[in-house]
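The chain contents come next:
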Amino acid sequence: MLQAIRDRVTGVVAFIILGLLAVPFLFFGVESYINTVPQDAVAVVGEEEITVNDFQADFARYRAQLRQQQGDQYDEIATNQPTARREFLEEMIDQALLRQHALAVGLAVSDQALLDLIREIEAFQIGNQFSPEAYRQALAASGLTARGFEQEVRQDLLTRTVPTAISGSALVTEKEIDRMLAVRDEQRAIRVAEFPREDYAEQVAIEPAEVEAFYNENQSQYMTPELVSLRYVELKADDLTEGLALSETELRQRYEAAQARFLSPELRRASHILLEVTDERDDAATQALAETLVSQLNEGEDFATLAETYSADPISAQEGGDLGWIEPGQMIAGFEQALYDLNNPNDLSAPVKTRFGWHIIRLDEIRPPEGLSFEEARDQIEAEYIEQESETLYIELSERLVDLVFADDTTLDPVSAELGLDIQVTEPFGRSGGEGIAAEPAVIQAAFSDRVLLDNAASDPIEIDQNHMVVVILNEYTDQQPIPLEDVAGAIEAQLRQTALNEAAQQAAESFLEDVTSDQAQAEDVELFSESQTIGRNDFEYGPDFSRDLFRLPAPTEGATSLSVLPTSSGFAVVELESVTPGDPTQATDQARDMMRQQILFSQIGYEINALMEWLRENTEISVVEDRL
């Protein structure tokens, strides 16, 4: 219900009022979910009910926001899955818990804070100033009352008070920053003896029997996908344009009836002198004065001078009577009629009476209508007519199509016969989709649904796009089949070979480590170690797994080294860890310290909020009815 307003709200205000909480409430496996819930509720959180209507409205609004943000990337099917609906309900539960906790600890949103926030919303402003009229109009356009909207805003603000309070209380000390910088900038001195897997290529041979055994043991990995072929009828407004046309007379009539769309109005720049009827000068005397001034103007008197002297319109009088550009409907009826009766610049009107007094009007300039001529607008008018008529016909046929499918969902023949729609057939496709309508997520979902696949029934009408609908029914189903061994033998052999090479490299590295630690290594073996080198956390010369595992090793005791086998991007390596040097926080720039402070702060806030949410869930009775989602 707030979507029309939400679409116009941006920046911090949108984040505070209209967005979902920007804190990742990632909680799963919630216990104490039972079905003792009021009939009109999807969940009860403590004493607060989340009604089915509230859930549906909020979830619809959430999907509309995603649709607007993601555009063509939006996936209606994925967004409406039961898991997505449940995750959204979890978010609503989190917000309810936060509101309840805020009230329990005495937090509140003041009327002034609410007012200040509403005044900052751009949708309620005119000229960067809050406008009560704009506020009322925006709410009315969204079907809201001021009380209802303000209550929702207050609830949203109250939900954010707890995370805001936690954020405001978080503190990062300089010692914490120093400690994290020391860890981040830590350096490790190492020597490396590498054992690339390819060094053992000649030692590894994969026999056909091994390939066959692996194939038999992992048969489920080597199956063709299940395939479906669909019969379908397709209704598109774009296909309903045959015979839709307008005569030249009808086209011109439509152009003339809608000229305001195609032509800007004729504008006239005018000046006037306004003479008011006063207690000292009655209507007849005022008219006589106006006629006298017209005579003076005709004799060459300066219009601007007389306007400054006599005009009762103080704003235009200062401009020599200039009213600027005027368009039809802008001025009072008598004034406008007299202005548009003038034919040429500098023409003067006879004195004209309105409820404001007597006017002398001068036409200063004419700006003719601008826009499309009939010839230029002709194709557009015809295209709009065809689009409108085809859409009307589409709506009529789609309603009949729905009735026919519901009357008999075992066949598409009645639909085809009555509506004149060809029954088409798709190529076989799997769960990843195919071509044409088989590429549409909604069609794929319907194709593999129980209704179509198991019951052999026609699907409900599927809206592919605006004014584009299909109904599908199963044509043919092909179950998964084993892929012949000869088709996958090469891939299996390569996989087994890679595994064997890794195992050979790891075994060689572990044997070398055993020899070195037992003093059995030969001099030439020890020479396998590289020169000592220094590695940082972001050095990935030997691969990311190597760096990760290296910095998990405990520091060696003073005067000693430690040996370990670690994976590398090319195989395995025996690593001699010589020393660990913490980073020097004193060398960090102010900018680096500020960035680290923010990282620690966000981590602390996230931890504290997550801990609070976990506690609230453990200490609040929460009930959910899954089948009402």
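Draft legend 1. A look at the pattern of salt bridges. For the structure shown, the criterion picks out 30 salt bridges. We note a salt bridge from Glu626 to Arg86, for which the minimum N-O separation is 1.9 Å. Within this pair, whereas Glu626 is found in the segment after strand S17 (622-624), its partner Arg86 is found in helix H5 (residues 82-104), the two being separated by 540 residues in sequence. Taking the relative accessible area as the measure of exposure, Glu626 reaches 45% and is therefore partly exposed. Here Asp409 ties to Arg451 by a salt bridge, and the two come within 3.2 Å at their closest N and O atoms. Taken together, the residues span a long stretch of sequence, with Asp409 in the loop between helix H17 (374-407) and helix H18 (413-419) and Arg451 in helix H20 (residues 450-453) at a distance of 42 residues. The exposure class assigned to Asp409 is partly exposed, which follows from its relative accessible area of 25%. By relative accessible area, Arg451 is classed as partly exposed at 30%.

Draft legend 2. Region of interest: the packing of aromatic side chains. Counted by the stated rule, this structure contains 11 aromatic pairs. Here the aromatic rings of Phe124 and Phe149 are separated by 5.6 Å at their centres, their planes lie at 90°, and the arrangement is edge-to-face. Of this pair, Phe124 sits in the loop between helix H6 (111-119) and strand S3 (125-126) while Phe149 sits in helix H8 (residues 146-169), and the two are 25 residues apart along the sequence. The same class applies to Phe124 as to Phe149, namely buried. Ring geometry for Phe429 and Phe448: centres 6.3 Å apart, planes at 85°, overall edge-to-face. Residue Phe429 is found in the loop between strand S11 (424-425) and helix H19 (441-447), and its partner Phe448 is found in the loop between H19 and H20; the two are separated by 19 residues along the sequence. Like Phe429, the residue Phe448 is buried in the burial classification. Members of the aromatic cluster, each reached through a chain of ring pairs, are Phe55, Phe59, Tyr62 and Phe88. Taking the ring centre of Phe303 as reference, the NZ or CZ of Arg362 above it sits at 4.5 Å. The residue whose ring lies beneath Arg367 is Trp325, and the NZ or CZ to ring-centre distance is 4.2 Å.

Draft legend 3. Local environment of the environment of Val624. Structurally, Val624 is set in strand S17. Take Val624: its relative accessible area is 2%, and that puts it in the buried class. Residues Val624 and Ala43, spaced 581 residues apart in sequence, show a C-alpha to C-alpha distance of 4.3 Å.

Draft legend 4. Just the sheet that holds strand S7 (residues 267-275), in detail. With respect to topology, 4 strands assemble into an open sheet ordered S8-S7-S10-S9, the strand pairing being antiparallel. On the outer flanks of this sheet lie strand S8 (322-326) and strand S9 (352-354), each paired with one strand and no other. Along the sheet, successive strands turn relative to each other by an average axial angle of 40°, direction set aside. Where S9 meets strand S10 (residues 357-367), 3 bridges bridge the pair, whose relative direction is antiparallel. Bridging across to S10, Thr354 finds its partner in Gly357. Strands S7 and S10 of the sheet are contacted by helix H14 (residues 303-310), whose axis makes an angle of about 45° with S7.

Conventions and cut-offs
Residues numbered from 1 in each chain as written. Predicted model: local features only at pLDDT ≥ 70, side-chain atom pairs only at ≥ 80, totals over all residues. Heavy atoms only, no water. Salt bridge = Lys/Arg side-chain N within 4 Å of Asp/Glu carboxyl O. Helix = DSSP H or I, 4+ residues; strand = E, 2+ residues; numbered from the N terminus. Buried < 20%, exposed > 50% of the residue type's maximum accessible area, 1.4 Å probe, protein only. Phe/Tyr/Trp six-rings, centres within 6.5 Å; stacked < 30°, edge-to-face > 60°. Lys NZ or Arg CZ within 6 Å of the ring centre and 35° of its normal. Pairing = 2+ DSSP bridges. Axes fitted to C-alpha atoms, helices over the stretch in contact; angles between N-to-C directions. Contact = heavy atoms within 4.5 Å.

Keep in mind these numbers describe shape, not what the thing actually does.
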